[in-house]
Amino acid sequence: MNIRTAVAVAALCAAVSLTACGEDSPGKAGGVAIAATDSACEVATTSFAPGEVTFTVTNKGSQTTEVYVYGRQGDGFTKVVAEVENVAPGLTRDLTATLGGGAYEIACKPGQTGAGIRTAITVSGGSAAATAEAEAAYDREIELEVTAAGVTGGDGLTAKVGEKIEFKLENEAAGARALEIVDPSGKVVAEIEADPNGAAETIVPLTGAGAWTLKVEGQGVAEVEKPLTVG
């Protein structure tokens, strides 16, 4: 979808409804309830058997929120297993994660910033296959933020060959913006677009060493490039 088409779709969504465009559909009945407020992250159940779990997130606060499921990585819980973003006040969205045995944390992030309000959950037992699938989401996140003043984030980026990176584009500008991930050969391996006051993300495995490039562009604005060195 190009920038012009994305803007048209956004206008249609505003004219019809968010639900009609499939962006903010109601949560499934029977999911594990998460009540996200401006000061709490209440999870109805905190003990699980291994396998796929669907959480039903309801934003009962006054700020747009996002909710993450984190697995343990090193000394902390920083491994993103699953996430749902742009949950507006009063909205209900589903978040599905495949969980192997072990400890996890659920983070509600009012305002979609910071480490979030954390609730610990535990998965008892578990198969090696379920754990491997849960850990396969991605290794870390690289976030770029677009404002009227320009693009922030993504400076001095380095990564290792084989890493799975979630590239996230936060757009606070007036117009739609696109992010292209370009490999060392010059091939665009992924492209995402974020509407005004919206966000988009994609997971890209870094399969080759060399100079990668992140390109942020939009209609009527200068292109911004951020180098990513992969070795």
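Everything below is about the structure printed above this text.
Residues numbered from 1 in each chain as written. Predicted model: local features only at pLDDT ≥ 70, side-chain atom pairs only at ≥ 80, totals over all residues. Heavy atoms only, no water.

> Looking at this structure, I do not really get the environment of threonine 45. What am I missing?
When you line up the elements, threonine 45 lands in the loop between β2 (41-43) and β3 (47-48). You can call threonine 45 partly exposed: its relative accessible area is 34%. Taking C-alpha positions, threonine 45 is 8.8 Å from isoleucine 34, a pair spaced 11 residues apart along the chain. Once you skip the residues sitting within four places of it in the chain, threonine 45 turns out to touch Val32 and Ile121. (Helix = DSSP H or I, 4+ residues; strand = E, 2+ residues; numbered from the N terminus. Buried < 20%, exposed > 50% of the residue type's maximum accessible area, 1.4 Å probe, protein only. Contact = heavy atoms within 4.5 Å.)

> What is the right way to read the pattern of salt bridges from this model?
Pairing is possible between side chains of opposite charge, provided their charged atoms come close. Evaluated as defined, the whole model comprises 7 salt bridges. Overlapping salt bridges bring together Glu66, Glu85, Lys168 and Glu170 as one network. (Salt bridge = Lys/Arg side-chain N within 4 Å of Asp/Glu carboxyl O.)

> I tried to follow the nonpolar core on my own but got confused; where do I start?
If you look at the biggest cluster of nonpolar residues, it comprises 24 residues, and the most contacted ones within it are Ile34, Phe55, Val67, Val69, Leu95, Leu99 and Ile106. Residue assignment for this core shows that the elements contributing at least two residues are β1 (32-36), β2, β4 (51-59), β5 (65-73), β6 (76-87), β7 (92-99), β8 (102-110) and β9 (117-123). No other element matches β6, which puts 4 residues into this core. Among all residues touching isoleucine 34, those that are not within four sequence positions of it are Cys41, Glu42, Val43, Phe55, Thr56, Val57, Thr58, Val67, Ile106 and Cys108. If you look at the next biggest cluster of nonpolar residues, it comprises 23 residues, including Ile142, Leu157, Ile181 and Ile192. (Core = buried A, V, L, I, M, F, W, Y, C linked by side-chain atoms within 4.5 Å.)

> Sorry, what's going on with unusual backbone geometry here?
Phi is mostly negative for residues that are not glycine, and the peptide bonds are mostly trans. The backbone of glutamine 112 shows a phi angle near 60 degrees, a positive value even though the residue is not glycine. With phi around 60 degrees, asparagine 197 is a residue other than glycine that occupies positive phi space. Inspection of the secondary structure assignment puts asparagine 197 in the loop between β15 (188-194) and β16 (198-205). Assessed through its relative accessible area of 58%, asparagine 197 is described here as exposed.

> Would you explain a negative patch on the surface in this entry?
Judged by side-chain charge, Glu141, Glu143, Glu145, Glu172 and Glu201 come together as a negatively charged surface patch. Per-element tally for the negative patch: the top contributor is strand β10 (residues 140-147), with 3 residues. Looking at where glutamate 141 falls in the secondary structure, it is placed in strand β10. (Patch = residues over 30% accessible without salt bridge, like charges linked within 9 Å, V, L, I, M, F, W, Y side chains within 5 Å. Areas by Shrake-Rupley, 256 points an atom, 1.4 Å probe, with all protein chains shown as cover. Lys, Arg positive; Asp, Glu negative; His and termini not counted. Charge placed at Lys NZ, Arg CZ, Asp CG, Glu CD.)

> Help me understand the sheet that holds strand β17 (residues 210-218), please; the structure alone is not making it clear to me.
Adjacent strands of a sheet form backbone hydrogen bonds with each other and so pair up, either parallel or antiparallel. The 5 strands lie next to each other as β12-β18-β17-β14-β15, forming an open sheet whose pairing is mixed. A single partner strand is all that each edge strand has here, and the edge strands are β12 (157-159) and β15. Pairs of neighbouring strands in the sheet enclose a mean axial angle of 20 degrees, with direction left out of account. Sheet topology places strand β14 (residues 177-182) next to β15; 6 bridges connect them, and they run antiparallel. (Pairing = 2+ DSSP bridges. Axes fitted to C-alpha atoms, helices over the stretch in contact; angles between N-to-C directions.)

> Could you clarify how one ought to interpret the packing of aromatic side chains in this entry?
The geometry of an aromatic ring pair is captured by the separation of the ring centres together with the interplanar angle, meaning the angle of the planes. In this structure the tally under the stated criterion is 2 aromatic pairs. With 5.6 Å between their ring centres and 75 degrees between their planes, phenylalanine 48 and phenylalanine 55 make a pair best called edge-to-face. Of the two residues, phenylalanine 48 and phenylalanine 55, both sit in the buried class. For the ring pair tyrosine 68 and tyrosine 70, a centre distance of 5.4 Å and an interplane angle of 5 degrees mean the geometry is stacked. In terms of burial, tyrosine 68 and tyrosine 70 fall into one category: buried. Above the face of the tyrosine 68 ring, lysine 109 is positioned so that its terminal group lies 4.1 Å from the ring centre. (Phe/Tyr/Trp six-rings, centres within 6.5 Å; stacked < 30°, edge-to-face > 60°. Lys NZ or Arg CZ within 6 Å of the ring centre and 35° of its normal.)

> Any chance you could explain the sheet that holds β16 here in plain terms?
Strand order across the open sheet formed by 4 strands is β11-β10-β13-β16, with mixed pairing between neighbours. Both edges of this open sheet fall to β11 (150-152) and β16, since each of them pairs with a single strand only. The mean inter-strand angle of the sheet, taken between neighbouring strand axes irrespective of direction, is 20 degrees. Pairing between strand β13 (residues 164-171) and β16: 8 bridges, direction antiparallel. Along β16, the bridge assignment pairs leucine 169 with alanine 200.

What is shown is where atoms sit, not what they do.
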